[in-house]
Amino acid sequence: MENLNHSNIEGYRSGSVTAVAHSNIALVKYWGKRAVQNNLPAVGSISLTLDALYSKTNLELKDRLDQDIFVLNEKEVEGKQLRRISDFLDLAAGTKDRPKAHIESENNFPTGAGLASSASGFAALALAVNDRFGLNLDRISLSALARQGSGSAARSLYGGFCEMKLGTKEDGSEDVAIQLHDQSHWDVRLLVAVTSTQKKELGSTEGMNRTAQTAPFYDEWIASQPTDLEEMKKALSARDFEKVGELTEHSCFKMHGLALAARPPILYWNAATTETIHRVWKLRQNGIQAYLTIDAGPQVKILCLPESVETIKEAVLGVKGVEHIIEAKPGTAAHIVDPEKEIIL
Ligand code: DP6
């Protein structure tokens, strides 16, 4: 695993800390790894941080524990999921010989259902670990750390619109996220049409690895990404809603088309997902500016402007199988909080 610069370690800190990180939605998708070692993405990506979806993580280091304790949404987690957390803490500390951690984390949304819980989860954990291990990492180094927990987590360190860079070095030092625009740049809305709160059957890591190994158009996917990224950056700077929407849908369907071409095929959608896609397209034919994107799960995320929110909500709630809609705005950067105080979205 990647060696972070630990030369400025101040030492482990006692007492607990609480960090909050928001989930993010990729407007230009990350799908595929160029190396599993250091979790290096095969493509760059661009995202919008979402205020309404977040993970809140409390961490305390305890010398007397034999192993880490990880409580997620009030349930203690063991096995593979706990190992993923412990490996991440070893990596952050730069050694396995570290105090064990008691971590309590909660997501204010369904976990593992394609709502980027690993993104907000690892971003919050990276921030908490940085604080308690006394690492003093800056945002960019924090994004590289979070990336090694989950690729999309690198982007959740920042508020607003953000880019995950594609590096060339094996050590991952260039595979970092940067902010493109903060949350005040553009008042767009992201409506999440929740069509299932069940945990997905195939996680994104397995899904993208299978796609990379078996999908015939994988090389074209990688080759076409730089153009999408450049066009998206220009469109975001210009606040060109139509262009941002068109590129967002294109990247989404290119990713899902690629996953469908894997062997065996990967399909994250259910019937309500498909119905919602048609409903959004119908809205657009009727002059409502709404564009959709979908991650490794069945939820449909609709990008729109504030004035269209109510019309879109009403139309999409009419789709059979849409359970509810979460409305999000551009969210703030991950931050340390006072657990007693209200969260700043
Ligand atoms: C479809 O970040 O969950 O949401 O790095 O293996 O943990 P790992 O993958 P993850 O993949 C996210 C895939 C996506 C697109 C995106 O967020 O860019």
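The numbering scheme is per chain: residues are counted from 1 as the chain's sequence reads. Totals for whole chains, interfaces and linings use all residues, but because this is a predicted model, local features are given only for residues with pLDDT of at least 70 and pairs of side-chain atoms are given and counted only at 80 or more. Only hydrogens and water are removed before side-chain values are computed, so all heavy atoms of the structure are retained for them.

Quick look at the packing of helix α1 (residues 79-93) against helix α2 (residues 117-132) now. Only the contacting stretch of a helix is used when fitting its axis, a line to C-alpha atoms as for every element, and angles between N-to-C directions run 0 to 180 degrees. Counting from the N terminus, the helices are DSSP H or I runs at least four residues long and the strands are E runs at least two residues long. One way to put it is that α1 packs onto α2 with a least axis distance of 11 Å and a crossing angle of 40°. One element, α1, and the other, α2, form an angle in the oblique class. Note on packing geometry: the crossing formed by α1 with α2 is right-handed. Contacts between α1 and α2 involve Arg 84, Ile 85, Phe 88, Leu 89 and Ala 92 on the former and, on the latter, Ser 118, Phe 122, Leu 125, Ala 126 and Val 129. In terms of residue class, the contact of α1 with α2 is built from eight nonpolar, one polar and one charged. Should an angle fall under 35 degrees it is called roughly parallel, over 145 degrees roughly antiparallel, and 65 to 115 degrees roughly perpendicular, with every other angle called oblique. If you view the pair so one helix is near and one far, a crossing is left-handed when the near helix is turned anticlockwise from the far one by less than a right angle, and right-handed when it is turned clockwise. Throughout, a residue-residue contact means that at least one pair of heavy atoms, one from each residue, lies within 4.5 Å. When residue character is reported, Ala, Val, Leu, Ile, Met, Phe, Trp, Tyr, Cys and Pro are called nonpolar, Asp, Glu, Lys and Arg charged, and the others, Gly included, polar.

Note that Lys 100 resides in strand β7 (residues 100-107). Remark: exposure states derive from per-residue accessible area (1.4 Å probe, protein chains only) relative to the maximum for the residue type, with buried under 20%, exposed over 50%, and partly exposed in between. Charge counting follows a simple rule: Lys and Arg are positive, Asp and Glu are negative, and His as well as the terminal groups are ignored. Salt-bridge detection follows one rule: a side-chain nitrogen of Lys or Arg within 4 Å of a carboxyl oxygen of Asp or Glu. With no salt bridge to any partner, buried Lys 100 finds its closest opposite charge in Asp 68, at an N-O distance of 5.5 Å. Discounting chain neighbours no more than four positions away, the residues touching Lys 100 are Glu 60, Leu 61, Lys 62, Leu 65, Asp 66, Gln 67 and Asp 68.

Attention shifts here to the domain arrangement of the protein. Start and end points for every domain follow an automatic or database-based domain assignment. Here the protein is partitioned into domain 1 (16-186) and domain 2 (189-328). The straight-line distance from the C-alpha centre of domain 1 to that of domain 2 is 23 Å. Counting from both sides, the interface comprises 33 residues of domain 1 and, opposite them, 49 residues of domain 2. Buried area: the accessible surface (1.4 Å probe) lost by two parts on joining, summed over both. Across the interface of domain 1 and domain 2, roughly 3400 Å² is buried in total on both sides, 70% from carbon and sulfur atoms. The interface formed by domain 1 and domain 2 contains three salt bridges. Between Asp 295 and Lys 29 there is a salt bridge, with its nearest N and O atoms 2.7 Å apart. At the level of elements, β1 (16-28), β4 (45-62), β8 (161-164) and β9 (177-181) are the ones that each hand at least two residues to the side of domain 1 that touches domain 2.

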